[in-house]
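# A closer look at the structure
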Amino acid sequence: MHMRMSKPSTVQPRHGSRPLGKIEVMPNAIHTIATQAISECYGVVGITAPRLHNGQAVLLPPEHRNEGVQIRLVNDQIIVEVFVALEYGLRMSEIAHNIMSSVKFSIEKMLGVPVAQVNVNIQGLGDSGSNK
């Protein structure tokens, strides 16, 4: 079972020589950055629940998208686990790579904290007609 961060993680942005204090980033904030980045990627039908339901991917409605993104902090580095459904007929490796770089770039740019890994779990394939 994945460890879920329930309390705030203290991340230290790398800018400036001496910190004026500490910055606490709630997991919710990281989730929001990641889900936004994922939903803007071409070929993503939606963010899914980590567990399949009767062997099928479960597309999450916007208000529950955070459940499809798991964040872990290891040695001050962020590891992101994402669960998605992709558009059928497109090259999955390309879309997954776009998701990885988009999520990594967005989090690093907004928080100034290194993202060690973005793991993309493709839970299913669908058509782009469904809600993103």
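In what follows, the accompanying structure is described.

Calculation criteria
- Residues numbered from 1 in each chain as written.
- Predicted model: local features only at pLDDT ≥ 70, side-chain atom pairs only at ≥ 80, totals over all residues.
- Heavy atoms only, no water.
- Helix = DSSP H or I, 4+ residues; strand = E, 2+ residues; numbered from the N terminus.
- Buried < 20%, exposed > 50% of the residue type's maximum accessible area, 1.4 Å probe, protein only.
- Contact = heavy atoms within 4.5 Å.
- Areas by Shrake-Rupley, 256 points an atom, 1.4 Å probe, with all protein chains shown as cover.
- Axes fitted to C-alpha atoms, helices over the stretch in contact; angles between N-to-C directions.
- Parallel < 35°, antiparallel > 145°, perpendicular 65-115°, else oblique.
- Left-handed = near helix turned anticlockwise from the far one by under 90°.
- Nonpolar A, V, L, I, M, F, W, Y, C, P; charged D, E, K, R; others polar.
- Polar contact = N/O pair within 3.5 Å; in protein donor to acceptor, adjacent residues only side chain to side chain.

### Description of the overall build of the protein
Within the protein one finds two helices and six strands. Reading the protein from its N end, one meets helices and strands in the order β-β-α-β-β-β-α-β. Going through the 132 residues of the protein one by one, you find that 39% of them count as buried. The contacts of the protein with a sequence gap of at least 6 include a subset with a gap of at least 24, amounting to 66%. Element-wise, carbon and sulfur atoms account for 52% of the exposed surface of the protein, whose accessible area totals about 8,100 Å².

### Some points on the packing of helix α1 (residues 27-39) against helix α2 (residues 92-111)
The contact between α1 and α2 brings their axes to 9 Å, and the two run at 140°. Taken together, the axes of α1 and α2 lie oblique to each other. Of the two elements, α1 crosses α2, and the hand of that crossing is right-handed. Where α1 abuts α2, its residues Ile30, Ile33, Ala34, Ala37 and Ile38 lie against Ile99, Ser102, Val103, Ser106, Ile107, Met110 and Leu111. Considering only residue class, the contact of α1 with α2 consists of 10 nonpolar, two polar and no charged.

### What to know about the side chain of Glu81
Structurally, the position occupied by Glu81 is in strand β5 (residues 77-87). Engagement of the side chain of Glu81 in a polar contact is seen with the side chain of Asn121, the distance being 3.1 Å.

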